[in-house]
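Take a look at the letters that make up each chain.
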Amino acid sequence: MQTQAGKSRRELVAALVVAACAAAQPAVHAQSTTAFVPVTDAMLQEPSPDDWLMWRRTLDGWGYSPLAQIDRQNVGDLRLVWSRALSAGGRQQGTPLIYDGVMYMPNPSDVIQAIDAATGDLIWEYRRSLPDDVCELLMPGVCTTNRNLAIYDNLIIDTSVDEYVFALDATTGDLVWETEILDYRVHPANQSTGPIIANGKVISGRSCMPRAGPEACVITAHDARTGEELWRRRTIPAPGEPGDETWGGVPDEERRHVGTWMAPSYDPELNLIYIGTSVTSPAPKFMVGGAENKHLYHNSTLALDADTGEIVWYYQHLNDHWDLDHPFERLLVDTVVRPNPAVVSWINPRLQPGEERRVMTGIPGKTGVVYTLDRATGEFLWATPTVAQNVISHIDGATGVVSENPEVVFRSIGQEVLICPTAMGGKDWEAGAYSPRTNAMYMPLRNACARMVPLDDGGRSLYSLGMRNELAPGTDQLGAVWGISAETGETTWVYEQRAATMSLAATGGGLVFVGDVNGRFRALDDETGDVLWEINLGSPVSGFPVTYAVDGRQYVVAGTGTGGNASRWTAMTPELRPSGGNNLFVFALPD
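Predicted model, so just to flag it, every value in this text is computed and none were measured. Residue numbers here run from 1 along each chain, matching the order of that chain's written sequence. Where local features are concerned, this predicted model is filtered to residues with pLDDT of at least 70; where side-chain atom pairs are given and counted, the filter is 80 or more; whole-chain, interface and lining totals use all residues. Side-chain figures throughout are based on the complete set of non-hydrogen atoms in the structure, without hydrogens or water.

(A) A look at the pairing of strand E38 (residues 520–525). Most of E38 is tucked away, with five of its six residues classed as buried. Two strands qualify as a pair provided that DSSP identifies no fewer than 2 bridges between them. Counting from the N terminus, the helices are the DSSP runs of H or I reaching at least four residues and the strands are the DSSP runs of E reaching at least two. Hairpin connection between strand E37 (residues 511–516) and E38: a loop of three residues separates the two successive antiparallel strands, and Gly519 in this loop has a positive phi of roughly 85°. Pairing geometry for E38 and strand E39 (residues 531–536), over five bridges, is antiparallel. Note on E39: the bridge partner recorded for Phe521 is Ile535. Turn length for the E38-E39 hairpin, with the two strands adjacent in sequence and antiparallel, is five residues, and the turn residue Gly529 shows positive phi of about 80°. Each residue's exposure class comes from its accessible area (1.4 Å probe, protein chains only) as a fraction of the maximum for that residue type: buried when under 20%, exposed when over 50%, partly exposed otherwise.

See below:
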């Protein structure tokens, strides 16, 4: 399924301009005496412990760093070593990318900065010129979100608000190439999350607006050095393709909004990309072809051949009527699989307890359900809920087929039901982490439900749903972090608090770093969940925390701002009133 869509342009940088730019830049802390070393596939597949080279640091999606200078014994001594206000306004959900002592920071609205990672001094800044009307056609607020960058060779690579993929010279910030993926006026799509690199290919997804139709709901691959498009894969089957029959006769042009709006994972040995998909628009299926139809490939995991984009296998996690998307991080782990039937709800009866499997695990969707699949074949192994949920009544262990709770499936306009979790998620885009130290995953979860009702609004709202959020029954603690064994499915610990929790990072020092919407940034013990250190940063910790090292010193980064969900969560805890500044805060142990 290879097509060439859009245009590719390679911009040559004149020697005088390069020299002038280089002369104008401050010295780069760790690169001032050595030439820039190009980043290779081998480096991305086994990065230096000092670096954080992509969204979750490694292609397996772990969000884990082996750095252990900061550990459970000394984390209480952490001190702020530098901070910096981010220059662009808007929703700040960025992940710092650190390579060889330089931090590359995505800001909202396609502003990218290179910063000395040890001092916080600015090296260069790129500001993309955006059309005035671009956000009028996209999702307000989300349209300028920029969660992550990629690096390859000497290039910093990103996707843009105006639906390009582009590359900058990592040493100067100059534009090297750009390729249009979609025309935002014809096929509007939100590119709120940047790409990963899979064997020299730039892999990116997007959230397609309903008016864009199915041709905007695509995953694409581009050559990382040139920007040439290599393949694109629709997430909605076209007429005559496998899965077409699951849409109940809905015309192709009316099949809408199966997006891939978070970054994928990649297994180099299997050469498979793992990416998750979102709900349809509208969400209630009686409004789009019938409630009993599966509407592939919404709310699914797709395993794609990285060379061709062909679907090798898929697994549908939910026939979703409630906007409970499943596009979040997929954790690729090699582990003994021994789910404990006393605590795990659904287990494949063919599974031999104790066998070692290459699995894809984690909480891929808003339901908060942990799924573990064989990542080579897609075979269902086990699944179990965490926070309160009432949308899944059963999963057939032998087939993996999910049965939705018929009592909460919408059948008519105006039908009100209590749905747990809320469409803001038992889990949402805020990422969890996995630590090989403990063979456990750590997940930021929320105890929240919602009263929902289908709306006859002529398509004016994205999902044709009305929603009123409330705390889950029996608790006043909205936020949580759960530790869950990847081997047994047992919950190792639960940490709960009033404020909603945000993204995590795990470390070789036995720590799990986590922020919340009330501005607190904490270090938890990865074995007990005990709070070992915390600080009030004033604003929601809306960015993805990372850790890195420069010249033998380990640093930890927290990014704050207005993170989209933060304002909705704080509305549920009105006594908590954080500010909303977009800032970076960097911590280390005293010299």
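(B) Empty space enclosed by the protein, seen in detail. With a 1 Å grid spanning the protein atoms alone, the term cavity applies to any set of points in which a 1.4 Å probe fits but cannot get out, the term pocket to an open set with protein on both sides within 12 Å along at least five of seven lines, and the term lining residue to any residue with an atom within 4 Å of a point. Grid points are joined across faces, edges and corners, and a volume is the space filled by probe spheres set on the points. The final tally for this structure, using the stated rule, is two cavities of 30 Å³ or more. In this structure, the largest cavity occupies an estimated 50 Å³ of space. Across the lining of the largest cavity, the residue classes break down as six nonpolar, three polar and two charged. Estimated volume of the second largest cavity: approximately 30 Å³. Leu44, Leu53, Met54, Leu59, Ala150, Ile151, Ile196 and Ile197 are the residues that line the second largest cavity. Only strand E8 (150–152) and strand E13 (196–198) provide two or more residues apiece to the lining of the second largest cavity. Its residues assigned to classes, the lining of the second largest cavity comprises eight nonpolar, no polar and no charged. For this classification, Asp, Glu, Lys and Arg are treated as charged, while Ala, Val, Leu, Ile, Met, Phe, Trp, Tyr, Cys and Pro are nonpolar and the rest, including Gly, are polar.

(C) Highlighting the side chain of Asn319. Summarising the element assignment, Asn319 is placed in the loop between strand E21 (311–316) and strand E22 (331–337). Classification of Asn319 as buried rests on a relative accessible area of 3%. What qualifies as a polar contact is a pair of N or O atoms within 3.5 Å, subject to a donor-acceptor requirement within protein and to the restriction that residues adjacent in sequence count only when both atoms come from side chains. Only 3.3 Å separates the side chain of Asn319 from the backbone oxygen of Ala291, close enough to count as a polar contact. The contact criterion used is simple: two residues touch if any of their non-hydrogen atoms lie within 4.5 Å. When neighbours within four sequence positions are excluded, Asn319 is seen to be in contact with Lys285, Ala291, Glu292, Asn293, Lys294, His295, His298 and Glu404.

(D) The arrangement of the environment of Met443 in detail. Among the structural elements, Met443 can be located in strand E31 (residues 440–446). Once the C-alpha coordinates of Met443 and Gly362 are considered, the two residues, 81 residues apart in sequence, prove to be 8.3 Å apart. The residues touching Met443, leaving out its near neighbours within four places in the chain, are Glu329, Leu331, Gly362, Ile363, Lys427, Gly432, Ala480, Val481, Trp482 and Leu504.

(E) Structural context of the layout of surface pockets. Here the largest pocket is characterised by a volume of approximately 740 Å³. Those elements giving two or more residues to the lining of the largest pocket turn out to be strand E33 (465–471) and helix H3 (565–572). Class assignment for the residues of the lining of the largest pocket results in twelve nonpolar, twelve polar and seven charged.

(F) Layout of H3. Of all the residues in H3, the buried ones are Asn565, Ala566, Trp569, Thr570 and Met572. Considered in projection along H3, the buried side chains sweep an arc of 150° and stay on one side of the axis. Exposed residues pointing more than 90 degrees away from the buried face of H3 are listed as Ser567 and Ala571. On its buried face, H3 is in contact with E31, strand E32 (448–454) and E33. Here, the arc refers to the directions that run from the helix axis to the C-beta atoms.

(G) Representation of the environment of Pro540. Note on placement: Pro540 falls in the loop between E39 and strand E40 (546–550). On the basis of relative accessible area, Pro540 is assigned to the buried category, the value being 5%. In this structure the C-alpha to C-alpha distance between Pro540 and Gly580, which are 40 residues apart in sequence, comes to 6.8 Å. With sequence-adjacent residues up to four places away left out, Pro540 is seen in contact with Asp516, Val517, Gly519, Gly559, Thr560, Gly561, Ala566, Pro578 and Ser579.

(H) Geometry of the nonpolar core. Ranked by size, the top nonpolar core spans 78 residues in total, and within it Tyr104, Ile151 and Ile157 carry the most contacts. By residue number, the principal contributor to this core is strand E10 (residues 164–169), which donates four residues. When sequence neighbours within four positions are dropped, the list of residues in contact with Ile151 reads Phe36, Val39, Leu44, Leu53, Leu97, Tyr99, Ile156 and Ile197. Residues enter a nonpolar core if they are buried and are Ala, Val, Leu, Ile, Met, Phe, Trp, Tyr or Cys, with the set joined through side-chain atoms within 4.5 Å.

(I) Quick peek at the sheet that holds strand E20 (residues 300–305). A sheet is described by the order of its strands in space; here four strands give the open sequence E18-E19-E20-E21, paired in antiparallel fashion. Unpaired on one side and paired on the other, strand E18 (265–267) and E21 mark the two borders of the sheet. When the angles between neighbouring strand axes are averaged without regard to direction, this sheet yields 20°. With five bridges joining them, strand E19 (residues 272–276) and E20 adopt antiparallel strand pairing. When the sheet's bridge partners are listed, Leu272 is paired in E20 with Asp305. Throughout, an axis means a line fitted to C-alpha atoms (over the contacting stretch in the case of helices), and angles, computed between N-to-C directions, take values from 0 to 180 degrees.

That is the geometry; function is a separate question.
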